[in-house]
Amino acid sequence: IKAECESAMLVPTENFLFKCIQIYEVSVLRHGLMTVGPAGGGKTAARDMLTRAMTKLDGVNEKYSTVRQWILNPKAITM
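Here is a short report on the structure shown in this document. Owing to the predicted nature of the structure, the values given are computational and were not obtained by experimental measurement.

Analysis parameters
Every residue gets a number counted from 1 within its own chain, in the order that chain's sequence is written. It should be noted that, the model being predicted, local features are given only for residues of pLDDT at least 70 and side-chain atom pairs only at 80 or more, the latter also being counted only at that level, while totals for whole chains, interfaces and linings use all residues. Think of the side-chain values as coming from all heavy atoms in the structure, minus any hydrogens and water. To define a nonpolar core, start from buried Ala, Val, Leu, Ile, Met, Phe, Trp, Tyr and Cys residues and group those joined through side-chain atoms within 4.5 Å. A simple rule labels every residue: compare its accessible area, found with a 1.4 Å probe on the protein chains alone, to the largest value its type can have, and call it buried under 20%, exposed over 50%, or partly exposed in between. Secondary structure follows DSSP: runs of H or I at least 4 residues long count as helices, runs of E at least 2 residues long count as strands, and numbering of each begins at the N terminus. In what follows, residue pairs with any heavy atoms lying within 4.5 Å of each other are defined as contacts. Aromatic rings from Phe, Tyr and Trp, with only the six-membered ring used for Trp, were paired whenever their centres fell within 6.5 Å, and each pair was classed as stacked if the ring planes differed by under 30 degrees, edge-to-face if by over 60, and tilted otherwise. A carboxyl oxygen of Asp or Glu within 4 Å of a side-chain nitrogen of Lys or Arg is what we treat as a salt bridge. Side-chain atoms alone can form a polar contact between residues adjacent in sequence; in general such a contact is a pair of N or O atoms within 3.5 Å, and within protein one must be able to donate a hydrogen while the other accepts it.

Here we look at the nonpolar core
Soluble globular proteins: nonpolar side chains tend toward being buried together.
Then step 1. Judged by nonpolar contacts, Cys 5, Phe 16, Cys 20, Ile 23, Tyr 24, Ala 46, Met 49, Leu 50, Met 54 and Tyr 64 together constitute the single largest core of ten residues.
Then step 2. Secondary structure elements with two or more residues in this core: helix H2 (14-29) and helix H3 (43-56).
Then step 3. Beyond its immediate stretch of four places on either side in the chain, Tyr 64 contacts Tyr 24, Met 54, Leu 57 and Asp 58.

Okay, structure coming up:
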């Protein structure tokens, strides 16, 4: 994750890396997730850095594979 942050010109702070790890842990337990928080809180950047890091590990570590994302508008989903 740190290498991907540096390639994207982002500073991998401890809080940011913790946020990335939290997103990963939730994604392992769930089929889908929603990130909620204030604007500028790093939600998209954390998701993107995690996605890039996991995709880069495809073939290197059998635990990871190429990541595909589908971003949905939660207001467009009916239950």
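Picking up after the structure, the text goes on.
A look at the packing of aromatic side chains
Then step 1. Under the criterion given, the structure shown has one aromatic pair.
Then step 2. Aromatic pair Tyr 24 and Tyr 64: ring centres 6.0 Å apart, planes at 50°, arrangement tilted. In this pair, Tyr 24 is assigned in helix H2 and Tyr 64 in the segment after H3, connecting sequence segments 40 residues apart. Across the pair, exposure class does not vary: Tyr 24 and Tyr 64 are buried alike.

Describing the environment of Ala 45
Then step 1. Relative to the elements of secondary structure, Ala 45 occurs in helix H3.
Then step 2. In this structure Ala 45 comes out as partly exposed when scored by relative accessible area, which is 25%.
Then step 3. With 25 residues separating them along the chain, Ala 45 and Cys 20 place their C-alpha atoms 9.0 Å apart.
Then step 4. Ignoring sequence-local partners within four residues, the contact set of Ala 45 consists of Leu 10 and Phe 16.

A short note on the environment of Gly 37
Then step 1. Take Gly 37: it is sitting in the loop between H2 and H3.
Then step 2. Remark: the alpha-carbon pair of Gly 37 and Thr 13, spanning 24 residues in sequence, is separated by 18 Å.

Regarding the pattern of salt bridges
Then step 1. In total, this model carries three salt bridges according to the counting rule given.
Then step 2. As a salt-bridge pair, Glu 4 and Arg 52 come within 3.1 Å of each other at their nearest N and O atoms. Of this pair, Glu 4 sits in helix H1 (residues 2-7) while Arg 52 sits in helix H3; the two residues are 48 residues apart in sequence, bridging distant segments of the chain.
Then step 3. One salt bridge in this structure joins Arg 47 and Asp 48, with 3.2 Å as the shortest N-O distance.
Then step 4. Each of Glu 4, Arg 52 and Lys 56 takes part in a single network of salt bridges with overlapping partners.

Comments concerning the environment of Asp 48
Then step 1. Inspection of the secondary structure assignment puts Asp 48 in helix H3.
Then step 2. Remark: the alpha-carbon pair of Asp 48 and Asn 15, spanning 33 residues in sequence, is separated by 16 Å.
Then step 3. One polar contact links Asp 48 to Arg 47, side chain to side chain, over a distance of 3.2 Å.

So, to be careful, I would describe these as geometric facts and stop short of saying anything about function.
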